[in-house]
Amino acid sequence: MVLDPATHAFFLDVDGTLIDIAERPEAVVVPAGLPETLMALAEGANGALALVSGRSLASLDALFGADRFAAAGVHGAEIRLSAGGPSDRALALHEDLRHALRETAAEFEGVFAEDKEYAVAIHYRAHPEVAPVLKRALTEVVGQISGIEIMPGHCVFEVRRKGIDKGAAVERFMAAPAFAGRRPVFIGDDVTDEAGFRAVNRAGGIAVAVGAPRDGAHTILPDPRAVRALITHLAAEPRQRRR
Ligand SMILES: O=P(O)(O)OC[C@H]1O[C@H](O[C@H]2O[C@H](CO)[C@@H](O)[C@H](O)[C@H]2O)[C@H](O)[C@@H](O)[C@@H]1O
């Protein structure tokens with residue numbers, strides 16, 4: 001795998017890719033220096049670097065610094081095409097649906113809802129055994145509503161609008177000036193990243209899975225530590241071809 005900040009565009013998933021998984025969303029730790037290293041790589045790539053996450057833009061900004069990065073939040077429902085630039089947002093999920101999902105989550109011990117306005121993530125990491133029953137309960141809630149889907153993730157079910165995914169987000173970025181004409185690279189660890197993999201593959205790019213093989217990925221990095229080492233390497237030598 002040869003990556004070059006001069007010619008590639010970088011799309012980076014966050015949880016499980018740049019940072020290690022934690023018991024709860026608010027318990028994650030961003031390693032010291034990681035935001036600065038990402039900024040150095042973004043600079044070396046002339047702005048062609050975006051965080052592409054299921055987290056909200058507000059959550060990404062809290063973790064990595066306000067407006068520092070181009071970013072897609074809530075799987076692309078929120079998009080900021082350039083660092084410091086404006087963001088645009090999709091239509092929020094109806095409050096009645098969000099309320100019903102929060103209520104359903106509350107029926108399960110150790111399960112909680114993360115309401116992101118454009119999607120609701122139902123987390124069950126503390127009780128993985130409830131997954132099948134929880135999935136059935138969520139399916140009953142969303143079953144009659146058109147245009148809504150349930151996406152599985154790491155100990156989470158995310159309810160969101162169909163058509164909003166990381167692949168569509170990558171395509172938005174690739175049409176923006178800083179990204180256009182570059183070869184896209186997507187690094188991610190979860191099933192929701194596979195839409196991003198498909199988008200970069202359509203554009204002749206490189207899909208990198210983290211931790212385990214994923215549909216559409218060309219290669220695997222073992223864990224977020226290896227991703228951070230790669231980012232550090234790329235950020236340190238922005239004008240040379242590198243592995
Ligand atoms: O697309 P990502 O950047 O990978 O975000 C996916 C979801 O990440 C968060 O949940 C996951 O990470 C938590 C912290 O490590 C973990 O406790 C949880 O079990 C994981 O599902 C975030 O809370 C979600 O909103 C994101 O969609």
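Looking at an unreviewed UniProt entry, one finds the protein chain named Trehalose 6-phosphate phosphatase, with Xanthobacter aminoxidans as its source organism. Among the UniProt annotations of the protein chain, the heading Catalytic activity (unreviewed entry) holds the following wording: "alpha,alpha-trehalose 6-phosphate + H2O = alpha,alpha-trehalose + phosphate". Listed under Function (unreviewed entry) in UniProt, the entry text for the protein chain is "Removes the phosphate from trehalose 6-phosphate to produce free trehalose."

Right, let's get into the sheet that holds strand E3 (residues 70-73). In a beta sheet, neighbouring strands are held together by backbone hydrogen bonds and run either parallel or antiparallel to one another. Read across the sheet, eight strands follow the order E5-E4-E3-E2-E1-E10-E11-E12 without closing on themselves; strand pairing throughout is mixed. This sheet does not close on itself; its edge strands, each paired only once, are strand E5 (87-89) and strand E12 (219-221). Direction aside, the axes of adjacent strands within the sheet are offset by 20° on average. Strands strand E1 (8-12), strand E2 (49-52), E3, strand E4 (78-80) and strand E10 (183-188) of the sheet are contacted by helix H5 (residues 166-174), whose axis makes an angle of about 160° with E2. Along the sheet, helix H6 (residues 194-202) makes contact with E1, E2, E10 and strand E11 (206-210), crossing E10 at roughly 160°.

So, on to the nonpolar core. Judged by nonpolar contacts, the single largest core of 50 residues is most densely connected at Leu49, Ala50 and Val185. When residues in this core are grouped by element, the largest group, five residues, is from E11. When residues no more than four places from it in sequence are discounted, the contact partners of alanine 50 are Phe11, Phe69, Ala70, Ala71, Ala72 and Phe173.

This part covers the domain arrangement of the protein chain. Domain annotation of the protein chain identifies domain 1 (8-90 + 164-236) and domain 2 (95-161). The interface is formed by 15 residues belonging to domain 1 together with 13 residues belonging to domain 2. Tallied by class, the residues present in the side of domain 1 that touches domain 2 amount to seven nonpolar, five polar and three charged.

Turning to its location among the elements, arginine 183 is positioned in strand E10. C-beta crowding within 10 Å serves as the criterion here: with 16 such atoms nearby, arginine 183 is assigned to the partly exposed category. Arginine 183 sits 23 residues away from isoleucine 206 along the chain, and the two C-alpha atoms are 7.9 Å apart. Ignoring sequence-local partners within four residues, the contact set of arginine 183 consists of Thr7, His8, Ala9, Gly204 and Gly205.

With that settled, consider the environment of arginine 80. As for its position among the elements, arginine 80 is in strand E4. Arginine 80 sits in the buried class, given 22 other C-beta atoms within 10 Å. Sequence spacing of arginine 80 and phenylalanine 173 is 93 residues, and the spatial spacing of their C-alpha atoms is 8.9 Å. Leaving out residues up to four positions away in the same chain, arginine 80 has contacts with Leu57, Ala70, Ala71, Gly85 and Ser87.

Moving on, we come to the site of the ligand. Near the ligand, the surroundings consist of 24 residues, among which Val14, Asp15, Pro25, Ser53 and Gly54 are the closest. Counting residues per element, the ones that place at least two in the shell around the ligand are strand E7 (119-123) and strand E9 (156-161). Residue composition of the shell around the ligand, grouped by class: eight nonpolar, seven polar and nine charged. Taken domain by domain, the shell around the ligand gets at least three of its residues from each of domain 1 (8-90 + 164-236) and domain 2 (95-161).

What counts as what
Residues numbered from 1 in each chain as written. Predicted model: local features only at pLDDT ≥ 70, side-chain atom pairs only at ≥ 80, totals over all residues. UniProt positions renumbered as here; feature names shortened; annotations may be inferred. Pairing = 2+ DSSP bridges. Helix = DSSP H or I, 4+ residues; strand = E, 2+ residues; numbered from the N terminus. Axes fitted to C-alpha atoms, helices over the stretch in contact; angles between N-to-C directions. Contact = placed C-beta atoms within 7 Å. Core = buried A, V, L, I, M, F, W, Y, C linked by C-beta atoms within 7 Å. Buried ≥ 20, exposed ≤ 12 C-beta atoms within 10 Å, placed from the backbone. Domains from an automatic or database assignment. Nonpolar A, V, L, I, M, F, W, Y, C, P; charged D, E, K, R; others polar. Near = placed C-beta within 6 Å.

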